[in-house]
Amino acid sequence: MSRAEEIVAEFGDSIVAPSAVVAKLLHLLADPNHGRNDLERVLRTDAAFAGEILVRANSSWRSRRSVPDLATALSLLGETELSRIAMRASARCMQVPDVPGYGMVNGGLWLQSLRSAVAAEILAAHTGLAPPGVAYTAGLLLDVGKRLLGQDLAEELEDAIEASESDEQCFTQVERSLLGCDHAEVGAALIKSWSLPDELATAVRWHHNPSETESALAWLCHVGDFLAISLSGAGSVEGSAYQLNEQWRQILNVDEEELLGILPVIDERANEALGDLEEAA
């Protein structure tokens, strides 16, 4: 058992896992052979979640009339929005006021997760390297390992923050030197324990080192995470120490000007999503 798996085995129960319905939906959405009937069958197993989909469809700007059933709701919202709703509704583990080990306060982890999700989604749509809905989901879960480490190993991480800020070391290297693993490894182990699709675990595991895997999704998450942290500025402990892999231009076929140009869009969409969730709460 790896050190990351040991941490998940010891502390993983402190985090609420996504529901079984979400896990099934994500597996289906990742399967190119799935049909809308398959999605409906899964949704019908959870009345509360099915009701949420209907409420969202009826409140959508795209709805010109009452939406009475799941088939119409799915047709109206589309699969990208469905996966977005599923993960936002179930990623309650990221919606915490403070994550002491990482110095994140006032819901900082949740906002950064939304920014990473939106950034990965935009990049996926622009490049065609992955389905936008899958990219959004992966981006949302990128830092779930921080949620676990920052809660249960906060004292050890205080030293990591100091070392990273004083020496501008890569934060994941400091995590590994102190804890024997980093938040990406812990996040991937946690996602596997929840039986979510392997491609999500792979993207989370390698989002700091995408050249170590053949996953295009990991590259989208790597650059998306960098953009989210850039928006956080001094509010992120990774800050200027975040190392963007120099191959990103060739992999994504995007130039720096295009990349910087989507920063305001990321911020706007993430804040809109945050507002929608606060309204629904």
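So, here's what we can say about the structure. All values reported here derive from a predicted model rather than from experimental measurement. (Residues numbered from 1 in each chain as written. Predicted model: local features only at pLDDT ≥ 70, side-chain atom pairs only at ≥ 80, totals over all residues. Heavy atoms only, no water.)

**Quick notes on the overall build of the protein**
Applied cut-off: Under the scheme used here, helices are H or I runs from DSSP no shorter than 4 residues and strands are E runs no shorter than 2 residues, and both carry numbers assigned from the N terminus. Categorising residues by exposure relies on relative accessible area from a 1.4 Å probe, with only protein chains included: less than 20% of the type maximum marks a residue as buried, more than 50% marks it as exposed, and the intermediate range marks it as partly exposed. Any pair of residues with heavy atoms lying within 4.5 Å of one another is described as a contacting pair. For the accessible areas, the method is Shrake-Rupley and the probe is 1.4 Å, while residue cover comes only from the protein chains on display.
When its secondary structure is counted, the protein shows 16 helices and zero strands. Of all 281 residues assigned to the protein, the portion counted as buried reaches 53%. Here the analysis covers contacts within the protein between residues at least 6 apart in sequence; of these, 65% occur between residues at least 24 apart. Of the roughly 12,600 Å² of accessible surface on the protein, 47% is carried by carbon and sulfur atoms.

**A word on the packing of helix H11 (residues 183-193) against helix H12 (residues 198-205)**
Defined as follows: Here an angle of 0 to 180 degrees is reported between the N-to-C directions of two axes, which are lines fitted to C-alpha atoms, with helices fitted over the stretch in contact. For this classification, under 35 degrees means roughly parallel, over 145 means roughly antiparallel, 65 to 115 means roughly perpendicular, and everything else is oblique. Under this grouping Gly is polar, as are all residues other than the nonpolar Ala, Val, Leu, Ile, Met, Phe, Trp, Tyr, Cys and Pro and the charged Asp, Glu, Lys and Arg.
With their axes 7 Å apart at the nearest point, H11 and H12 run at an angle of 170° to one another. Classified by the interaxial angle, the pair formed by H11 and H12 is roughly antiparallel. For the pair H11 and H12, the contacting residues are Ala184, Glu185, Gly187, Ala188, Ile191 and Lys192 in the first and Leu200, Ala201, Val204 and Arg205 in the second. Of the residues that constitute the contact of H11 with H12, the class distribution is six nonpolar, one polar and three charged.

**What about the side chain of threonine 213?**
Mapped onto the elements, threonine 213 comes out in the loop between H12 and helix H13 (216-232). Aside from chain neighbours lying at most four places away, what touches threonine 213 is Thr202, Trp206 and Ala218.

**Examining the packing of aromatic side chains**
Going by this rule: Between the rings of Phe, Tyr and Trp (Trp by its six-membered ring), a pair exists once the centres lie within 6.5 Å; its type follows the angle of the planes, with under 30 degrees stacked, over 60 edge-to-face, and the other angles tilted. Placement of a charge over a ring requires the Lys NZ or Arg CZ to be within 6 Å of the ring centre, with the centre-to-atom vector within 35 degrees of the ring normal.
The tally for this structure, following the rule as stated, stands at zero aromatic pairs. Seen from the ring of tryptophan 206, arginine 205 lies directly overhead, with NZ or CZ sitting 3.9 Å from the centre.

**With respect to unusual backbone geometry**
Located in the positive-phi region is serine 195, a residue other than glycine, with phi close to 60°. Assignment of secondary structure puts serine 195 in the loop between H11 and H12. One non-glycine residue, asparagine 253, adopts positive backbone phi at about 55°. Looking at the secondary structure, you find asparagine 253 in the loop between helix H14 (248-252) and helix H15 (256-261). The exposed category is assigned to asparagine 253, whose relative accessible area is 66%.

**So, helix H10 (residues 171-179)**
Test applied: Arc definition: it is the arc formed by the directions from the helix axis to the C-beta atoms.
Residues of H10 that are buried include every one of Phe171, Thr172, Val174, Glu175 and Leu179, and no others. Buried residues of H10 fall within an arc of 155° about the axis and therefore sit on the same side. Just beyond H10, the residue with positive phi is glycine 180, at close to 85°.

**Some remarks on the nonpolar core**
How we decide: Throughout, nonpolar core names a set of buried Ala, Val, Leu, Ile, Met, Phe, Trp, Tyr and Cys residues whose side chains join them through atoms within 4.5 Å.
Within the largest apolar cluster, 83 residues are counted, with the highest numbers of intra-cluster contacts made by Leu25, Ile53, Leu217 and Leu227. Element by element, the count of residues in this core is highest for helix H6 (residues 108-127), at 10 residues. Beyond its immediate stretch of four places on either side in the chain, leucine 25 contacts Leu39, Val42, Leu43, Phe49, Leu82 and Ala86.

**Comments concerning the pattern of salt bridges**
Should their charged atoms come close, side chains of opposite charge can pair. In plain terms, the rule: Within this document, salt bridges are pairs made up of a side-chain nitrogen of Lys or Arg and a carboxyl oxygen of Asp or Glu, the two lying within 4 Å of each other.
Scanning the entire structure with this criterion turns up nine salt bridges. Aspartate 182 is the partner of arginine 176 in a salt bridge, and the nearest nitrogen-oxygen pair spans 2.4 Å. Looking at aspartate 182, the relative accessible area reads 2%, which means it is buried.

**Observations regarding H11**
Just so we agree on the cut-off: Two N or O atoms form a polar contact when they lie within 3.5 Å of each other; inside protein one atom must be a possible hydrogen donor and the other a possible acceptor, and for residues adjacent in sequence the pair counts only when both atoms belong to side chains.
For H11, the tally of buried residues reaches nine of 11 residues, placing the bulk of the element in the interior. For H11, the full list of buried residues reads His183, Ala184, Glu185, Val186, Gly187, Ala188, Ala189, Leu190 and Ile191. Two to three positions downstream of the cap, the backbone nitrogen of alanine 184 sits 2.9 Å from a side-chain oxygen, assigning the N-cap of H11 to aspartate 182. Just downstream of H11, serine 195 is the residue with a positive phi angle, here 60°.

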